[in-house]
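Architecture at a glance
The chain contents come next:
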Amino acid sequence: MMTTSRAACVLLAGLFPAMAGADPGAFFDYGADITYQSDDNQTRAEATRDKVEDQSVLVSGTISKDFQPSFRQLLTFRGFAEIERFDDIDTLDRNSLGLSAAWRWQPDSSFLAPIFEVSLSYQDDDIETDARDSGVTRAQAFVTRRITDRLTGTLGLEHRKRDSDGSVWDLEDSRWFMNLDLMVNRHGAAYFTFSRISGDTFSSAQFQFCNGATAPGELIGLIDGSTALEPDEAYNNALCGDWIAYRLDATSSIFTLGYNHGFSHTLSLDASVTEAQVRGENDNEYDRRLFRVTLLKRF
């Protein structure tokens, strides 16, 4: 599934079928992506001893249908499927199915006219560890506008709610985000995204180490400030030690820098690095860095 940052790179080109060069009479549009991801803190842990590095491959497919109520409006309905497999912690392997609907509107056809979009999506995540099975609902609204002939800006809001089989992964948060896309040349665009998220976060940590020793007292302080707590069977089944997961209120700052290179109208390669800085209750702080490379194909 295309993320907000990558979608913003091509939003102006793909607002209406005629602008995108697609056939307005086509029954469905299809897409497929494959993403490699490296994560230096999969557990979202504060203490170095609890940080788990891992990598994964995500394969996704989409089917969508556009409807054009008027020249300046577009309705898009989309279904998608995702399969993610991890290298080390295979207890986090995920299969997902989802649906989304989006409405786009451009008030006039001038070069600098903004494009408004609102969307709603639902995704069902089936994870190898049943406690993490979740249904995720997202509502999003944003506006995109050309700043110059090479620079485009996006500003938006999103609310997300995750209903999980385990209490720790029942999460709700809101974020605002801004995105800048710079056309570097005919085939490539660099982008920068900043997000500020307020709401729930979760972390995993060792309550008891592999040698039987109990974790230091600072973990007890984090547990006391948590809003939910339970054993983390994903890591208990994959690693030694006794792992727990806990949920906290937090504020997160997310920075993404990336580059998208188009080989044709239907094939592109996207590479990005994301830095997350999370500041939770009871001084629970952790950083996380993710590196992604995605090959995107549209049919």
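First, a word on what this report is: a plain description of the structure on this page. As the structure is a computational prediction, the values presented were derived from the model and not from experiment.

Cut-offs applied
Residues numbered from 1 in each chain as written. Predicted model: local features only at pLDDT ≥ 70, side-chain atom pairs only at ≥ 80, totals over all residues. Heavy atoms only, no water. Salt bridge = Lys/Arg side-chain N within 4 Å of Asp/Glu carboxyl O. Helix = DSSP H or I, 4+ residues; strand = E, 2+ residues; numbered from the N terminus. Buried < 20%, exposed > 50% of the residue type's maximum accessible area, 1.4 Å probe, protein only. Phe/Tyr/Trp six-rings, centres within 6.5 Å; stacked < 30°, edge-to-face > 60°. Lys NZ or Arg CZ within 6 Å of the ring centre and 35° of its normal. Polar contact = N/O pair within 3.5 Å; in protein donor to acceptor, adjacent residues only side chain to side chain.

**Remarks on the pattern of salt bridges**
Scanning all chains against the criterion turns up 16 salt bridges. Two residues, arginine 288 and aspartate 39, come together in a salt bridge whose shortest N-O distance is 2.6 Å. Here arginine 288, found in strand S13 (residues 285-298), pairs with aspartate 39, found in strand S1 (residues 29-39); they are 249 residues apart in sequence, far enough to count as distant. Using a relative accessible area of 16% as the deciding quantity, one classes arginine 288 as buried.

**Description of the packing of aromatic side chains**
Throughout the structure, instances matching the rule amount to nine aromatic pairs. With centroids separated by 6.1 Å and ring planes inclined at 70°, the aromatic side chains of tryptophan 169 and phenylalanine 202 adopt a geometry described as edge-to-face. Separated by 33 residues along the polypeptide, tryptophan 169 in the loop between strand S7 (151-164) and strand S8 (171-183) and phenylalanine 202 in strand S9 (residues 188-208) bring together distant segments of the chain. An identical accessibility class is assigned to tryptophan 169 and phenylalanine 202; each is buried. A connected cluster of aromatic rings, assembled from ring pairs, spans Trp103, Trp105 and Phe116. Its end group placed over the ring of phenylalanine 67, lysine 65 keeps NZ or CZ at 5.7 Å from the ring centre.

**Some points on the side chain of asparagine 179**
For asparagine 179, the location among the structural elements is in strand S8. The class of asparagine 179 is buried, set by a relative accessible area of 1%. There is a polar contact of 2.9 Å between the side chain of asparagine 179 and the side chain of aspartate 181.

Take it as geometry only, folks, not as evidence of what the structure does.
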